[in-house]
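Overview (structure and organization)
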Amino acid sequence: MKVAVCVKQIPDPADPGKIDPETKTLVRDTKLILDESDSYGVEMALQLVDGDGEVVLVSMAPNEEVNGLRTALAMGADSAILVSDDALAGSDALGTSKVLAAAIQRIEPDLVLAGTESSDGYTGTVPEMIAELMGLPSVTFAKEIAISGGEVEVKRQTEAGYDEVTCPLPCVLSVTAGVVEPRYPSFKGIMAAKSKPVEKLGIADLGIAADTVGWAGAGQEIVAIEPAPAREAGEVIEDDGEAYQRIVSFLEELKVI
Amino acid sequence: MGTVWVHAEAADGKVASITLELLAEARQLGDAEAVYAGPGVDDIADELGAHGATKVHATGSIGTGLQGPALASAMADAIAGGASPDAILFGTTQDGRDVAARLSVKLDAPVITNIVELVDDGGLVGTEPVFGGTTNVKTRFTGGSPAIFLIRPKSFTAEEVGGGPASVVPLPLPDLGGAGAAKVQNRFAAESEGPRLDEAAVVVSGGRGLGEAEKYHMIEELAAKLGGAAGATRAIVDAGWVPYALQVGQTGKVVKPDVYIACGISGATQHMVGMKGSKNIIAINKDPEAPIFSIADLGVVGDVHKVIPALLEALGSR
Ligand SMILES: Cc1cc2nc3c(=O)[nH]c(=O)nc-3n(C[C@H](O)[C@H](O)[C@H](O)COP(=O)(O)OP(=O)(O)OC[C@H]3O[C@@H](n4cnc5c(N)ncnc54)[C@H](O)[C@@H]3O)c2cc1C
Ligand SMILES: Nc1ncnc2c1ncn2[C@@H]1O[C@H](COP(=O)(O)O)[C@@H](O)[C@H]1O
């Protein structure tokens, strides 16, 4: 079985960068890392393949960034495809999905995994867009996945609880955080990752025209970036054993009790 | 603005609150019409109409299929056939995202996501809060219509305007081919008591600071005492202490109660976007530097294992 896993490489959330008021893009000057939201997809793929098959990472990132991919390769993925192209700057979810779908198409996987939402973009639409672009069925918000025969059985998180959904392969699944416990790369894994193949592609390799992606293809423009009205901090007290009384009186003031 | 379509979601003959919120906004912007995939449209046409929808475009039952491919195909076909909504509003829900994403591909039109405010400024401009709600980014479409938006729950206030039932307009369901092959075999709903988390006047939420799953009962007790609902952070949902239905935040529920009590919660940006709109916030955390204090009206620097039992006892004698 061949599983493609979409992994986004993002600025370290501990240092999220700033929006440049001139170009209206995020300024990301540090090395990008593997989005934690995608470590679950990588782990899930490794468990589903269980040594009998192939896990291929697919990522679109600026400046031929491979740092996050190396982390996922060190976890055990076999190889990676990286799409990097100046024309991709400013791509929205649809543009990103066109690129990822074209890259995934090349490897003809049995299963495509992605995260339900990325930590820095959180549009939550890329996996379903990839499915539509590839003409595949999909199940989003998977919190449990089992494969039997040519079919996946998924527990799909819903507002109220969960649905049991079945879907034939090939298909696209997006996995929730917490679905599995991502492994830490071992020292051996980290060493091995250095020599695992990373295929680097530009949009021309994928037959994608520059005006359908990036800022040009996004069909939208940012008209303003403004500070949001801040919520003020109020009274802060140290608990001396009696702080509960202040909570009680506050609830009384609010007529909750 | 002409017609604004709203993706309607419903369960057991009751329209979802997110849908009613979107209708209230759509009605301000133009002619509100609902779009619905599923059985029982006649049961919800009254409620949709009362909230301002003049029509509901309905596919009828989609069997065991998922909404994403079915409704997106039906909507795209209707648009190709001459329907011309200027905007389409979806709620940020599982199905809302699926339909919006597939429709975006079918129409080759972008979706603007995570919107909390819409302004018609010769074209719709959507506001998305970023950096934990400290900055607002305003975006507009530069292409043609329809403008597709995914909107966060609780951004608008639902309002009954007393219209008659929405008239049901059939929306033909095309053959979906392989894309529609996923089938729902069973649905499970978690049992819940008391008011709904996203409707309760008081919400008491617990986080990792509770230390262990067994301590979550303090949160439930306090919520019950105050006639409210219990909530949670993703940290303790992922840890398996409580079900996902209790999660508050970016990937969980958005709540705006009169009082939100955060217990042992650090105040990560993804949690705060789900509760920042609360009228009053009380936080209990042992770390005086915890970010949650920056938005709390009353902050108690203390141990949840001491403060909550004392509070429960004080409330118990009332
Ligand atoms: C894409 C994405 C989406 C996310 N969506 C959500 C979401 O929807 N909802 C959500 O909640 N999170 C979400 N998160 C996770 C979020 O970033 C935080 O990790 C999470 O909210 C932290 O939960 P917590 O406050 O319970 O835990 P922690 O951050 O670990 O905080 C625990 C707090 O408890 C305090 N504490 C410890 N012991 C005690 C004690 N005895 N008494 C009092 N206080 C004590 C500590 O000082 C600390 O501040 C998301 C993250 C990502 C990347
Ligand atoms: N640039 C990218 N490269 C690889 N995968 C991506 C990229 N952007 C989004 N994805 C995938 O799509 C998921 C959802 O992302 P988003 O739609 O941005 O919330 C992520 O968790 C990834 O699996």
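The preceding data block contains the structure.
As the structure is a computational prediction, the values presented were derived from the model and not from experiment. Here the residue index of a chain counts from 1 through its sequence in written order. Whichever chain is written first is A, and whichever ligand is written first is 1; the rest continue in order. Under the rules for a predicted model, residues below a pLDDT of 70 receive no local features and side-chain atom pairs below 80 are neither given nor counted, while totals for whole chains, interfaces and linings still include all residues. Each side-chain value is derived from all of the structure's non-hydrogen atoms; neither hydrogens nor water enter the calculation.

Thoughts on the site of ligand 1
We call a residue near a molecule or strand when any one of its heavy atoms sits within 4 Å of it. Looking at ligand 1, there are 28 residues lining it, with B:Arg208, B:Thr233, B:Thr251, B:Ser266 and B:Gln270 nearest. Each of chains A and B places residues near ligand 1. Measuring from an oxygen atom of ligand 1, one finds a backbone N or O atom of B:Arg208 at 2.8 Å. Under this definition, polar contacts are N or O atom pairs within 3.5 Å; protein pairs additionally need one hydrogen-donor-capable and one acceptor-capable atom, and for neighbouring residues in sequence, both atoms have to be side-chain atoms. Here an oxygen atom of ligand 1 and a side-chain polar atom of B:His271 are 2.8 Å apart. Per-residue accessibility takes into account occlusion by the displayed protein chains alone, with areas from the Shrake-Rupley method and a 1.4 Å probe. Computed on the free molecule, ligand 1 has an accessible area of 1000 Å², of which 84% lies beneath the protein chains in the complex. Think of it this way: any DSSP run of H or I at least four residues long counts as a helix, any run of E at least two long counts as a strand, and we number them from the N terminus. Of all the secondary structure elements, the ones that give two or more residues to the shell around ligand 1 are helix 6 (234-238), helix 7 (269-272) and helix 8 (304-316) of chain B. Each residue is assigned to one of three groups, with Ala, Val, Leu, Ile, Met, Phe, Trp, Tyr, Cys and Pro labelled nonpolar, Asp, Glu, Lys and Arg labelled charged, and all others, Gly among them, labelled polar. Split by residue class, the shell around ligand 1 holds five nonpolar, 17 polar and six charged.

Describing the nonpolar core
Among the nonpolar cores identified, the biggest contains 54 residues, and A:Val99, A:Ile104, A:Ile130, B:Met75, B:Phe90 and B:Leu103 are the most heavily contacted of them. Once residues lying within four places of it in the same chain are set aside, the contact partners of A:Ile104 are A:Ala4, A:Cys6, A:Val58, A:Pro109, A:Val112, A:Ile130 and A:Met134. In these notes, a set of buried Ala, Val, Leu, Ile, Met, Phe, Trp, Tyr and Cys residues joined through side-chain atoms within 4.5 Å is what counts as a nonpolar core. Here's how the labels work: a residue is buried when its accessible area is under 20% of the maximum for its type, exposed when over 50%, partly exposed in between, all with a 1.4 Å probe on protein chains only. Ranked by size, the runner-up nonpolar core spans 40 residues in total, among them A:Ala72, A:Ala142, A:Val165 and A:Leu173. Pairs of residues are marked as contacts when any of their non-hydrogen atoms sit within 4.5 Å.

Describing helix 7 (residues 243-253) of chain A
Every buried residue of helix 7 of chain A is listed here: A:Ala243, A:Tyr244, A:Ile247, A:Val248, A:Phe250 and A:Leu251. Seen from one end, helix 7 of chain A has its buried residues packed into an arc of 160 degrees, which puts them on one side. For helix 7 of chain A, the secondary structure elements touched by its buried residues are strand 15 (235-238) of chain A together with strand 16 (259-263), strand 17 (280-285), strand 18 (298-301) and helix 8 of chain B. Of the residues trailing helix 7 of chain A, A:Lys255 is marked for its positive phi of about 60 degrees. As used here, the arc belongs to the directions running from the helix axis to the C-beta atoms.

Digging into the packing of helix 3 (residues 67-80) of chain B against helix 4 (residues 94-107) of chain B
All names here are of chain B. In this analysis an axis means a line fitted to C-alpha atoms, helices contributing only their contacting stretch, and an angle means the value between N-to-C directions, from 0 to 180 degrees. In the contact formed by helix 3 and helix 4, the axes pass within 8 Å of each other and the chain directions differ by 40 degrees. Classified by the interaxial angle, the pair formed by helix 3 and helix 4 is oblique. Both helix 3 and helix 4 take part in a crossing whose hand is right-handed. Of helix 4, the residues touching helix 3 (which contributes Gln67, Gly68, Pro69, Leu71, Ala72, Ser73, Met75, Ala76 and Ile79) are Asp95, Asp98, Val99, Arg102, Leu103, Lys106 and Leu107. Residue classes in the contact of helix 3 with helix 4 are distributed as nine nonpolar, three polar and four charged. Note on terminology: angles under 35 degrees are roughly parallel, angles over 145 are roughly antiparallel, angles of 65 to 115 are roughly perpendicular, and the others are oblique. Each crossing gets its handedness from the near helix: less than a right angle anticlockwise from the far helix is left-handed, clockwise is right-handed.

A closer look at the interface of chain A and chain B
Chain A puts 75 residues into the contact, and the matching count from chain B is 83 residues. Summed over both partners, the interface of chain A with chain B comes to about 6700 Å²; 56% of that surface belongs to carbon and sulfur atoms. The largest contributions to the chain A side of the interface with chain B come from A:Tyr122, A:Glu132 and A:Arg231, which together make up 12% of the buried area. A side-chain nitrogen of Lys or Arg and a carboxyl oxygen of Asp or Glu constitute a salt bridge if their distance falls within 4 Å. Linking chain A to chain B there are twelve salt bridges. We note a salt bridge from A:Glu226 to B:Lys138, for which the minimum N-O separation is 3.3 Å. Across the side of chain A that touches chain B, the residue classes tally to 38 nonpolar, 17 polar and 20 charged. Strands pair, by our definition, only if DSSP identifies at least two bridges between them. Inspection of the sheet shows strand 11 (residues 161-168) of chain A paired to strand 13 (residues 183-189) of chain B by six bridges, in the antiparallel sense. The partner of A:Gly161 across the bridge, within strand 13 of chain B, is B:Ala189. Buried area adds together the accessible area that both of two parts lose upon being put together, with accessible area traced by a 1.4 Å probe.

Scope: geometric values only; no functional claims are made or implied.
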